[in-house]
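# Observations on chain architecture
Chain by chain, the residues run as shown.
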Amino acid sequence: MIRALIADDEELSLRALHQMLRRHADVEVVAECRDGDEAREALQGLEPDVAFLDIRMPLASGLDLALSRDRGVQTLVVFVTAFDQFALPAFDADAADYLTKPLTEARF
């Protein structure tokens, strides 16, 4: 079972990503976070297999979270954002992937 964390401050985006993940029987969403602080706590406490992070969130950005995570933890980071200009910094933060909104099932 793949344990996933979702972090996005936009309720519709959070819900859309959760619905896409729910279609995969081998994925369990272990946390839904609405800001960077919630996401940081969940990342540290739950150590999910994958974290889907929005770039721009209140309190801490997805980039901040990815750059500050414990490198000993094996959580893969997938950025989900409406902004394509953050792709290079995202991959500098060891992103596994970079998805742009609106999400499509094919790209997901």
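Above this text you will find the structure in question.
The notes below deal with the structure included here. In this convention, every chain numbers its residues from 1, walking through the sequence in written order. In view of the model being predicted, local features appear only for residues whose pLDDT reaches at least 70, and side-chain atom pairs are presented and counted only at 80 or more, with totals across whole chains, interfaces and linings using the full set of residues. To get the side-chain values, all heavy atoms of the structure are used, and hydrogens and water are removed first.

Once that is clear, we can look at the nonpolar core. One broad rule of soluble globular proteins: the nonpolar side chains tend to lie buried together. Here, nonpolar core means buried Ala, Val, Leu, Ile, Met, Phe, Trp, Tyr and Cys residues that are tied together by side-chain atoms lying within 4.5 Å of each other. Throughout, exposure labels follow a simple rule: accessible area from a 1.4 Å probe, protein chains only, divided by the maximum for the residue type, with under 20% read as buried, over 50% as exposed, and the rest as partly exposed. Core analysis: the biggest nonpolar cluster contains 22 residues, and Leu5, Ala7, Cys33, Leu53, Leu63, Leu65 and Phe79 have the highest contact counts within it. Numbered from the N terminus, helices here are DSSP runs of H or I no shorter than four residues, and strands are runs of E no shorter than two. For this core, the elements supplying multiple residues, two or more each, are strand 1 (2-7), strand 2 (27-33), helix 2 (36-46), strand 3 (50-53), helix 3 (62-68) and strand 4 (76-81). If we skip the residues at most four places from it in the chain, Leu65 touches Gly36, Ala39, Arg40, Leu43, Leu53, Met57 and Ala60. The next biggest cluster of nonpolar side chains, apart from the first, holds 11 residues, and it includes Leu14, Val27, Phe52 and Val78. Contacts are assigned to residue pairs with any non-hydrogen atoms lying within 4.5 Å of each other.

So, on to the sheet that holds strand 1. The strand order 2-1-3-4-5 describes an open sheet built from five strands, whose pairing is parallel. Looking along the sheet, the strands with just one partner apiece sit at the ends: strand 2 and strand 5 (97-100). Across the sheet, the mean angle separating the axes of adjacent strands is 20 degrees when strand polarity is ignored. Strands in contact with helix 2 are strand 1, strand 2 and strand 3; relative to strand 2, the strand with the most contacts, it is inclined by about 140 degrees. Each pair of strands is called paired provided DSSP finds at least two bridges between the two strands. A fitted line through C-alpha atoms serves as each axis, taken over the contacting stretch for helices, and the angle formed by two N-to-C directions is quoted from 0 to 180°.

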